[in-house]
Amino acid sequence: MDLGGKYIVFDGPDGSGKGTQIDRLKALIDAAGGRWTYAKDPGGTPIGERIRHILLGYDLSLMAPRCETLLFMASRAQLVAEIVRPALSEGRTVVGDRFISATCAYQVAAGFPREDIIALGRLAVEDTWPDLTLILDVPPELGFQRTGRTEKHQKGRGDAHGDQLNMFADAHVDAMERRPLEFHRRVRECFLALPEYYPGRVEIIDATRDANAVFSDVKKVLQRAFS
Ligand code: TYD
C-alpha cells in the first residue's frame, strides 16, 4: 500500500473520534517510513486560523449561512494553496482533519443546497479533492456523550469571558450547543449521503466501537483503496 502523494481526509459528526484515528494513521505512515502533512480545516494556516476564529468564536446564529459557508471555503482555499498542494507534489501523504465534506454535512443540514456547496468547493480548491474521505459515523447522542456536551448543556454555558483560549473553546461549544439535537441528526444523515454525490471516494466507518476496532477498519479501507 503506497499512501505517498495521497490526500486522505477524516470527517464525521462531533465526538466521532477523528483525532485518535488521525494520530494512528500518522503513526502508521511513520512506521512505514513515509512522510505526512497534517491539514486542519477550518484553520491550518495563519490566515485560516484567523478565519477559524471568526467562525467558531462567535454565536453562529448571528452569522448569515452564506457568510458562514463562504468563510469555511475561504479558509480551505488557503489551506489547499499553502499546505495541501505543495505537500502532495512532494509526494507526502496529506492527512486531513475535515474538509468540504464537513460543509456538505453541517451547512447542508442548516439548509444550504448541496449542489451549491460542491460548486463553491470547486471554486475554492479546483481539482484538489481528497483521494479518500473516511466518514467516522456516530449517532449524535453518543458523540455528545463523548465530548461532554450534554453535561455542559445541563449545567449551562461555560465562561465565555475568560482568557482568549478559553473564550474560543467555550464560545465554540456554545455555538454548536445552541443547535438542537435535531440539527445534529441531520448532520449525520448528510454525512451518510455523501457517497451519492461527493467528488472522490467516500467510505463510511462505524465509529461507535473502540478505537482499535475502528482503526482496523480504517486500515482495511486504505488497503482496498490504495493497493
Ligand atoms: P473544530 O474545533 O475544528 O472541531 P473538531 O475538533 O470537531 O473538528 O470545529 C469545527 C466545528 O465546525 C465542528 O463543530 C464542525 C463545524 N464545521 C462546519 O460547520 N462546517 C465546516 O465546513 C467545517 C470544516 C466544520
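None of the values given here were measured: they were computed from a predicted structure. (Residues numbered from 1 in each chain as written. Predicted model: local features only at pLDDT ≥ 70, side-chain atom pairs only at ≥ 80, totals over all residues. Heavy atoms only, no water.)

S.K.: Looking at this structure, how should I read empty space enclosed by the protein?
M.R.: By rolling a water-sized probe across the atoms, one finds the places where empty space is left. Tallying each qualifying case throughout the model produces two cavities of 30 Å³ or more. Lining the second largest cavity we find Pro13, Asp14, Tyr106, Pro140, Phe144, His184 and Val187. Of all the elements in the fold, those that place two or more residues in the lining of the second largest cavity are α6 (140–147) and α9 (181–193). By residue class, the composition of the lining of the second largest cavity is five nonpolar, one polar and one charged. (1 Å grid on protein atoms, 1.4 Å probe; cavity = no way out; pocket = protein on both sides within 12 Å on 5 of 7 lines; lining within 4 Å. Points joined across faces, edges and corners; volume = space filled by probe spheres on them. Helix = DSSP H or I, 4+ residues; strand = E, 2+ residues; numbered from the N terminus. Nonpolar A, V, L, I, M, F, W, Y, C, P; charged D, E, K, R; others polar.)

S.K.: Would you mind showing me how to read the site of the ligand here?
M.R.: Within the structure, the ligand sits among 16 residues, and Lys40, Arg52, Arg98, Thr103 and Gln107 are positioned closest to it. Contact between the ligand and Lys40: an oxygen atom at 2.7 Å from a side-chain N or O atom of the residue. Bound to the protein, the ligand loses 89% of the 540 Å² it would expose on its own. At the level of secondary structure, the elements contributing two or more residues to the shell around the ligand comprise α2 (46–56), α3 (65–89), α4 (100–109) and α8 (164–177). When residues in the shell around the ligand are grouped by element, the largest group, four residues, is from α4. Residue composition of the shell around the ligand, by class: six nonpolar, three polar and seven charged. (Near = heavy atom within 4 Å. Polar contact = N/O pair within 3.5 Å; in protein donor to acceptor, adjacent residues only side chain to side chain. Areas by Shrake-Rupley, 256 points an atom, 1.4 Å probe, with all protein chains shown as cover.)

S.K.: Explanation requested: the pattern of salt bridges in the structure shown.
M.R.: Here the idea is simple: oppositely charged side chains can pair when their charged atoms come close. Enumeration according to the criterion identifies 16 salt bridges in this entry. For Asp137, the salt bridge goes to Arg188, with nearest N and O atoms at 2.8 Å. Remark: Arg188 occurs in helix α9 and Asp137 occurs in strand β4 (residues 132–137); sequence separation between them is 51 residues. When the shortest N-O distance is used, the salt bridge between Lys220 and Asp217 registers 3.7 Å. Here Lys220 and its partner Asp217 are both found in helix α10 (residues 211–226), three residues apart, which amounts to about one turn of the helix. Each of the salt bridges in this network shares a partner with another, and the network as a whole consists of Asp206, Arg209, Asp217 and Lys220. (Salt bridge = Lys/Arg side-chain N within 4 Å of Asp/Glu carboxyl O.)

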